[in-house]
Amino acid sequence: MALRPVQVNIKALDHAAVGRFWAAALGWSASAGTPGVTTYVGPTGPFVWPDPVAVGIDVVTVPEPRTTTKNRVHLDLATTSVAHQAALVARLRSLGATPVDVGQRAVPWTVLADPEGNEFCVLEPREVYRDTGPIAAVVVDCADPRAMARFWDGALDWTLHEVTDDQAVLRSAKRVGPYLEFIRTPDVKTVPDRVHLDLLPYPGDDKDAEVARLRALGATDLGLGQGDVPWTCLADPEGHEFCVLAPS
């Protein structure tokens, strides 16, 4: 029994516009998920879901606008050179991204926000991310990376690469696609996030059994007014929302 992250879920007032932005930003394709409700962004080529390597992006329409509170989950984008970083930042700004000050001060990466204000970072070239694809990492702010490592290492079939007081790092056991990083931050979670992970059981595994296993690890049920849906909404021990999707 195991789960794998298959997509980053981004809530938006205009799913199509935000989906188009992320498709252009990553050099991927945008396609209709649930017509009029979601836009799925994934690698170009024949549609395959879940993608065997990449973690896709599913942009979902919600009626509530984003608050001014910084998201506790964001994407880091990879670059291959300083020139590539500068060119990517310029291209993203031409697509509608805006610079954001989240208290980063003088750092070698650039912090931007998508057209609805969701923060993301364009990293300077780093050797560790040379083979991740355009998304270097899904980054989660947390109070206790060691506790997050215990929960998420048990929840996923990914490999735990590093655990310190300041960060915990996981990646697919196949050593492909982005990293999942939990970074210690001083602020605390106060509002539901606009960005979260969606997890999927493998074919033949039982979704309800997986959900029960997550609860035993410390996950709690989450009521978001989702009604009767085939996925289950949970929160990790620090309250980060995530969903367990039903195998299709």
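Preceding this paragraph is the structure being described.
Residues numbered from 1 in each chain as written. Predicted model: local features only at pLDDT ≥ 70, side-chain atom pairs only at ≥ 80, totals over all residues. Heavy atoms only, no water.

As for the overall build of the chain
Piece 1. Within the chain, the regular secondary structure consists of 4 helices and 16 strands.
Piece 2. A compact globule built from 248 residues should have a C-alpha radius of gyration of about 18 Å, and the chain, at 17 Å, falls within 12% of that.
Piece 3. Relative to its 248 residues, the chain shows a buried fraction of 47%.
Piece 4. Long-range pairs, those at least 24 residues apart, make up 63% of the contacts in the chain between residues at least 6 apart in sequence.
Piece 5. Of the roughly 11,400 Å² of accessible surface on the chain, 57% is carried by carbon and sulfur atoms. (Helix = DSSP H or I, 4+ residues; strand = E, 2+ residues; numbered from the N terminus. Rg over C-alpha atoms; globule rule 2.2 N^0.38 Å. Buried < 20%, exposed > 50% of the residue type's maximum accessible area, 1.4 Å probe, protein only. Contact = heavy atoms within 4.5 Å. Areas by Shrake-Rupley, 256 points an atom, 1.4 Å probe, with all protein chains shown as cover.)

Remarks on the sheet that holds strand β6 (residues 98-99)
Piece 1. Read across the sheet, 8 strands follow the order β6-β7-β8-β5-β9-β12-β11-β10 without closing on themselves; strand pairing throughout is mixed. Both edges of this open sheet fall to β6 and β10 (159-163), since each of them pairs with a single strand only.
Piece 2. In the sheet, strand β11 (residues 167-171) pairs with strand β12 (residues 179-184) via 5 bridges, with the strands oriented antiparallel. Pairing of leucine 170 across the sheet is with leucine 180, part of β12.
Piece 3. Along the sheet face, helix α1 (residues 15-26) touches β5 (73-77), β8 (119-122) and β9 (135-142) and points at about 30° away from the line of β5. (Pairing = 2+ DSSP bridges. Axes fitted to C-alpha atoms, helices over the stretch in contact; angles between N-to-C directions.)

Quick word on the pairing of strand β1 (residues 3-12)
Piece 1. Judged by how many residues are buried, β1 sits mostly within the fold: 10 of 10 residues are covered.
Piece 2. Here 6 bridges tie β1 to strand β4 (residues 56-61), and the two strands are oriented parallel to one another. Following the sheet pairing, glutamine 7 is matched in β4 by glycine 56.

Looking at the packing of α1 against helix α2 (residues 82-95)
Helices that pack against each other are described as a pair by the angle of their axes relative to one another and the distance between those axes.
Piece 1. It is the contact of α1 with α2, at a shortest axis distance of 10 Å, that shows an interaxial angle of 160°. Judged by the angle between their axes, α1 and α2 are roughly antiparallel. For the element pair α1 and α2, the recorded crossing hand is right-handed. Between α1 and α2, the contacting residues are Phe21, Ala24 and Ala25 on the first element and Leu88, Arg91, Leu92 and Leu95 on the second.
Piece 2. Broken down by class, the residue content of the contact of α1 with α2 amounts to 6 nonpolar, no polar and 1 charged. (Parallel < 35°, antiparallel > 145°, perpendicular 65-115°, else oblique. Left-handed = near helix turned anticlockwise from the far one by under 90°. Nonpolar A, V, L, I, M, F, W, Y, C, P; charged D, E, K, R; others polar.)

Examining the pattern of salt bridges
Piece 1. Tallied over the full model, the rule gives 13 salt bridges.
Piece 2. Arginine 126 is the salt-bridge partner of glutamate 124, the closest N and O atoms lying 2.8 Å from each other.
Piece 3. Owing to a relative accessible area of 17%, glutamate 124 belongs among the buried residues under this scheme.
Piece 4. Note that aspartate 165 and arginine 146 form a salt bridge whose closest N and O atoms lie 2.7 Å from each other. Within this pair, whereas aspartate 165 is found in the loop between β10 and β11, its partner arginine 146 is found in helix α3 (residues 145-155), the two being separated by 19 residues in sequence.
Piece 5. You can call arginine 146 partly exposed: its relative accessible area is 37%. (Salt bridge = Lys/Arg side-chain N within 4 Å of Asp/Glu carboxyl O.)

Observations concerning the environment of alanine 17
Piece 1. Relative to the assigned elements, alanine 17 resides in helix α1.
Piece 2. Accessibility expressed as a relative area gives 26% for alanine 17, which makes it partly exposed.
Piece 3. Residues alanine 17 and aspartate 141, 124 residues apart in the sequence, show an inter-C-alpha distance of 26 Å.

Function cannot be read off these values alone, since they describe shape.
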